[in-house]
Amino acid sequence: MRYSSDFRQGNEYDHYVVKEARPLLEWLLENVPQSRSKIKATLQGRGVKVNGKTVSQFDMMLEPGMKVAVSKTKRNQMGFKNRYVKIVYEDRWLIVVEKMPGILSMAAGHSSLNVKTVLDDYFRQSRQKCRAHVVHRLDRDTSGLMVYAKDMETEQILEHHWHELVYDRRYVAVVSGEMEEDEGTIANWLKDNKAYVTYSSPVDNGGKYAVTHFHTLARTTDHSLVEFKLETGRKNQIRVHTADMGHPVCGDTKYGNGDDPLHRLCLHAWLLCFEHPVTHEQMEFETPVPTDFRRLF
């Protein structure tokens, strides 16, 4: 199933068709197999839809043939608002978000601004008894799609079987200069030095083998828009590989050449496809290429 980040997939819903006229709350209590307190909390939390529209009016009269959708958690996340994190999909086992540049994936040192904390706050406010468990990371200044597990069991499955479960993961970047090739592959060994800067080697340097496939989408004489498909997911892989190619990611203060047209690291995780660790459904998420990237071309 494919989800786009500009279509907000809400919590999972149970769907019903009304057979007899009843006030909404009375009908819910008769037909939905949940406790009275949970049904009321779901209604108050805007987690009930009638004919596709969210309603919270408990005495609304239902007529036969109306369609009712009831969120499986207590509230519809439509109320969630955060300038750094957008919820794309959520079910009882995991949550997929689009992260903006400027926020860490998880806490590091004294920095409190991180996606995990934002999600833990959201779970607390929506009365969900769970925490966000980090499965993979994006650099602070990289934007795009991420998945977090909502329990340790799901986190362990995702962590230990990540490479089998994730079948497509792509990024798009604005790189410096005009790309010579339309497509290709770069592969070498990546290792951190003592200053935590990742460097590459064409021969085994005791680091990790890294493979990146690239496809040029657009060019000007100054910049190129390039899609990257990762075969391996190493730290700073795209940033080091683009620098190796002589076309570093724009706005990269660590591996770049000072070219910074958009005053941000121009790297965005636009596509994430994986097999659901519990339901085994194929989950496909995509988010548009950032508008400011497109504007350059």
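**Q** Whenever I open this one, helix α2 (residues 36–44) confuses me. Can you help?
**A** Owing to its 3.6 residues per turn, the α-helix aligns residues three or four sequence positions apart on the same side. Within α2, burial applies to I39, A41, T42 and L43. For α2, the secondary structure elements touched by its buried residues are α1 (24–31), β4 (48–50) and β7 (67–71). R46 sits one or two positions beyond α2 and adopts a positive phi of about 60°.

**Q** I would appreciate a short explanation of the packing of aromatic side chains in the present structure.
**A** Two descriptors summarise a pair of aromatic rings, namely the distance from one centre to the other and the angle between the planes of the rings. Applying the stated rule across the entire model yields six aromatic pairs. When the centroid spacing of 5.5 Å and the interplanar angle of 45° are considered together, the rings of Y122 and F123 count as tilted. For the pair formed by Y122 and F123, the shared burial category is buried. A network of ring pairs unites the aromatic residues F80, Y122 and F123 as a single cluster.

**Q** So what exactly am I meant to see when it comes to the layout of surface pockets here?
**A** Over the atoms rolls a probe the size of a water molecule, and in doing so it shows where empty space is left. Taken as a whole, the largest pocket spans an internal volume of roughly 710 Å³. If you go around the largest pocket, you meet 26 residues; those closest to its centre are R137, G233, R234, K235 and N236. Of all the secondary structure elements, the ones that give two or more residues to the lining of the largest pocket are α4 (152–160), α5 (162–165), β12 (166–176), β13 (183–192) and α6 (237–244). When grouped by side-chain class, the residues that make up the lining of the largest pocket number nine nonpolar, seven polar and ten charged. Estimated volume of the second largest pocket: approximately 460 Å³.

**Q** Honestly, the sheet that holds β7 in this entry has me stumped. Any pointers?
**A** Sheet strands pair by backbone hydrogen bonding; their relative direction is either parallel or antiparallel. Spatially, the four strands line up as an open sheet ordered β2-β7-β4-β5, and their pairing is antiparallel. One side of each edge strand has no neighbouring strand; the edge strands of this open sheet are β2 (13–17) and β5 (53–54).

About the thresholds
- Residues numbered from 1 in each chain as written.
- Predicted model: local features only at pLDDT ≥ 70, side-chain atom pairs only at ≥ 80, totals over all residues.
- Heavy atoms only, no water.
- Buried < 20%, exposed > 50% of the residue type's maximum accessible area, 1.4 Å probe, protein only.
- Helix = DSSP H or I, 4+ residues; strand = E, 2+ residues; numbered from the N terminus.
- Contact = heavy atoms within 4.5 Å.
- Phe/Tyr/Trp six-rings, centres within 6.5 Å; stacked < 30°, edge-to-face > 60°.
- 1 Å grid on protein atoms, 1.4 Å probe; cavity = no way out; pocket = protein on both sides within 12 Å on 5 of 7 lines; lining within 4 Å.
- Points joined across faces, edges and corners; volume = space filled by probe spheres on them.
- Nonpolar A, V, L, I, M, F, W, Y, C, P; charged D, E, K, R; others polar.
- Pairing = 2+ DSSP bridges.

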